[in-house]
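In case you want the letters, here they are:
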Amino acid sequence: MKISIRRSRRAAIAVALGSVLALTATACGDDGSGGGGGEGSEGSGKGKIVFWDNNGGVRTDIWKQIIADFEKANPQIDVEYVGISSTEYQSKVDTAIQGGGLPDVGGVGAAMLAGFSAQGALEPLDERLAGSSLKGKLNEDMVESMKAAGGGDGTLYSIPTSANNGVLYYRTDLFEKAGLEEPTTWDRFFEAAEKLTNAKKNEFGYTIRGGAGSIAQALDAMYGQSGITSFWNGDKTTVNDPKNVEALEKYAALYKKVTPSADLNNDFTKMVAQWDSGTIGMLNHNLGSYQDHVKALGTDKFRGIPQPTGPGGKRVQVSNPVDGLGLFKSSKNKEAAWKFIEFALSHEENSKFNESAGQVPANTDAAKDAWVSKAEPTKLAAEALSDGSTTIVQLPYYLPDWNTISKAENEPNFQKVLLGDLNAKEFLDTLAEQLNEAQAEWKQRNQ
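Residues numbered from 1 in each chain as written. Predicted model: local features only at pLDDT ≥ 70, side-chain atom pairs only at ≥ 80, totals over all residues. Heavy atoms only, no water.

1. Re the sheet that holds strand S12 (residues 323–327)
Working step 1: Across the sheet, which stays open at both edges, the six strands sit in the order S2-S1-S3-S12-S4-S13 with mixed pairing between neighbours. Two strands bound the open sheet, and with one partner strand each, they are strand S2 (77–83) and strand S13 (360–361).
Working step 2: As judged from the three bridges shared by strand S3 (residues 105–107) and S12, these two strands associate in the antiparallel manner. The partner of Gly 106 across the bridge, within S12, is Gly 326.
Working step 3: Against the sheet, helix H13 (residues 334–344) touches strand S1 (47–53), S2, S3, strand S4 (159–163) and S12, its axis set at about 165 degrees to S12.
Working step 4: Contacts from helix H14 (residues 347–357) reach S4 and S13, with the element oriented near 40 degrees to S4. (Pairing = 2+ DSSP bridges. Helix = DSSP H or I, 4+ residues; strand = E, 2+ residues; numbered from the N terminus. Contact = heavy atoms within 4.5 Å. Axes fitted to C-alpha atoms, helices over the stretch in contact; angles between N-to-C directions.)

2. Notes on helix H6 (residues 140–149)
Working step 1: Among the residues of H6, Met 142, Val 143, Met 146 and Ala 149 are the ones counted as buried. Considered in projection along H6, the buried side chains sweep an arc of 130 degrees and stay on one side of the axis. Along H6, the residues that are exposed and aim more than 90 degrees away from the buried face are Glu 140 and Asp 141.
Working step 2: Buried residues in H6 make contact with helix H4 (110–118), S4, S12 and S13. (Buried < 20%, exposed > 50% of the residue type's maximum accessible area, 1.4 Å probe, protein only. Arc of directions from axis to C-beta.)

3. Observations regarding the sheet that holds strand S5 (residues 166–171)
Working step 1: Read from one edge to the other, the open sheet built from four strands follows the order S6-S9-S5-S10, with strand pairing classed as mixed. At either margin of the open sheet sits one strand with a lone partner, and together these are strand S6 (204–207) and strand S10 (302–306). Neighbouring strand axes in the sheet, compared pairwise and without regard to direction, differ in orientation by 20 degrees on average.
Working step 2: Lying on the sheet, helix H12 (residues 290–297) is in contact with S5, strand S9 (280–286) and S10; it crosses S10 at an angle near 160 degrees.

4. Quick notes on unusual backbone geometry
Working step 1: Here the phi dihedral of Asn 202 falls at roughly 60 degrees; this positive angle occurs in a residue that is not glycine.
Working step 2: Looking at the element boundaries, Asn 202 is found in the loop between helix H8 (186–195) and S6.
Working step 3: For Lys 256, which is not a glycine, the phi torsion comes out positive at approximately 70 degrees.
Working step 4: Looking at the element boundaries, Lys 256 is found in the loop between helix H10 (242–252) and helix H11 (268–277).

5. Quick word on the packing of aromatic side chains
Working step 1: In total, this model carries 23 aromatic pairs according to the counting rule given.
Working step 2: Aromatic pair Phe 51 and Phe 340: ring centres 5.4 Å apart, planes at 55 degrees, arrangement tilted. One end of the pair, Phe 51, is in strand S1; the other, Phe 340, is in helix H13, with 289 residues separating them in the sequence. An identical accessibility class is assigned to Phe 51 and Phe 340; each is buried.
Working step 3: These aromatic residues form a ring-pair network of at least three members: Phe 51, Trp 63, Phe 70, Tyr 81, Phe 340, Phe 343 and Phe 353.
Working step 4: Between Lys 250 and the ring centre of Phe 190, over which it is positioned, the NZ or CZ distance is 4.5 Å. (Phe/Tyr/Trp six-rings, centres within 6.5 Å; stacked < 30°, edge-to-face > 60°. Lys NZ or Arg CZ within 6 Å of the ring centre and 35° of its normal.)

6. Considerations on the pattern of salt bridges
Working step 1: Taken as a whole and assessed by the stated rule, the structure comprises 17 salt bridges.
Working step 2: For the salt bridge of Lys 352 with Asp 69, the shortest nitrogen-to-oxygen distance reads 2.5 Å. Note that Lys 352 is positioned in helix H14 and Asp 69 in helix H2 (residues 60–73), a separation of 283 residues in sequence.
Working step 3: Overall, the relative accessible area of 24% leaves Lys 352 in the partly exposed class.
Working step 4: Measuring nitrogen to oxygen at the nearest pair gives 3.2 Å for the salt bridge that ties Arg 128 to Glu 123.
Working step 5: Each of Glu 42, Glu 123, Arg 128 and Lys 334 takes part in salt bridges that share partners, so that together they form one network. (Salt bridge = Lys/Arg side-chain N within 4 Å of Asp/Glu carboxyl O.)

7. Description of helix H19 (residues 424–446)
Working step 1: In this model H19 runs 32 Å from its N-terminal to its C-terminal C-alpha over 23 residues, within 8% of the 33 Å that 1.5 Å per residue would give.
Working step 2: Between the side-chain oxygen at the start of H19 and the backbone nitrogen of Lys 425 there is a gap of 3.1 Å, and the oxygen is on Asn 423. (Expected span 1.5 Å × (residues − 1). Polar contact = N/O pair within 3.5 Å; in protein donor to acceptor, adjacent residues only side chain to side chain.)

8. Some remarks on the packing of H2 against H14
Working step 1: The N-to-C vectors of H2 and H14 enclose an angle of 165 degrees; their axes lie 10 Å apart at closest approach. Considering their axes alone, H2 and H14 lie roughly antiparallel with respect to each other. Of the two elements, H2 crosses H14, and the hand of that crossing is right-handed. Taking contact as the criterion, the partners of Ile 62, Trp 63, Gln 65, Ile 66 and Asp 69 in H2 are, on H14, Glu 349, Lys 352, Phe 353 and Ser 356.
Working step 2: Across the contact of H2 with H14, the residue classes break down as four nonpolar, two polar and three charged. (Parallel < 35°, antiparallel > 145°, perpendicular 65-115°, else oblique. Left-handed = near helix turned anticlockwise from the far one by under 90°. Nonpolar A, V, L, I, M, F, W, Y, C, P; charged D, E, K, R; others polar.)

9. With respect to the environment of Asp 292
Working step 1: Within the secondary structure, Asp 292 sits in helix H12.
Working step 2: Classification of Asp 292 as partly exposed rests on a relative accessible area of 35%.

Structure follows, in structure tokens:
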């Protein structure tokens, strides 16, 4: 069976945009100074700005705290908060880029950065950062990641707020009861997934992500097992390397054998809630859900450890996108919008945000705060990334088509793999062909 290869990226985006209802609610913040048009304007630095949260619901409470702090410190600026779920955010922004109604400030992570910047929607931020109180205060690796993800010209379009990392959460109480060793290797992981499963009692060894966000997790499992350390071999992707095909076959075979059947459609919120409330042995997610697990289970029933090691005892994992804040070019109050970004990235506020999110702060002073060493998964992740034990496979966030390929075009196909309606090789060959074409187009534009 051969899956039909994608339409041209531009046609795909046009169809997607046409199918999404235009935003009718929030328009750009305007302080009444007028002017600006599509390019926006600096404004007076006062009045109203609109902020779109790219992880609404999950991060709503902490952003409202930061907004309250900001408005107290800047009484002449009002911030309107709009929470948008992570699964809907890209389509909302893409629609607003085409039809109007962009906010002043929005969450812009590395994974979607190239797509937005390619449409000319974001304000370059290099000069603003260089002239601000944040100069020299942000993690350089995160800044460079954002520059690399921006589309290839080295421009900074999003100020990093935090870095995430893949984590294997496991139930220490269930492992101890079953006499299992900590799942520090992929062999132990698969052994535990099987031994902790008793479907008749609704007990499962693992919960697999089959809904929104499934591709990145599948890639993590593939490269972790295969030990392949680069996403590209020349201009061709390694996703369909035979070792990766074999790894995906083994990973996908877990579905319904050692996982709940509901996993087919579960995004991370449903998957996390299911793990926190049930008797499932293991969960792959990232640092962001740590506090949810603490609230549900306490700290004595689970651990969050770095991803399992594979061939030769080496840990290979795919890059987790750096998150950040972007200033939209159409804003008519860029001065006030930048003040908000600068405030949110200050030591106290960035520390507060990341302690809530369980992620690594971008502000270097915040990263030294005591809570970082007390949050074990964050501490272990930082150590694994700095002690030479881990190789990161950098995903091509710089491709404007990356999010479309990895989400809209292939999440449904991955569900077919889980259901047995599509084999792993067919799935990965199609993904590879799409990526190779996108890479060739990108290189042609950037030569």
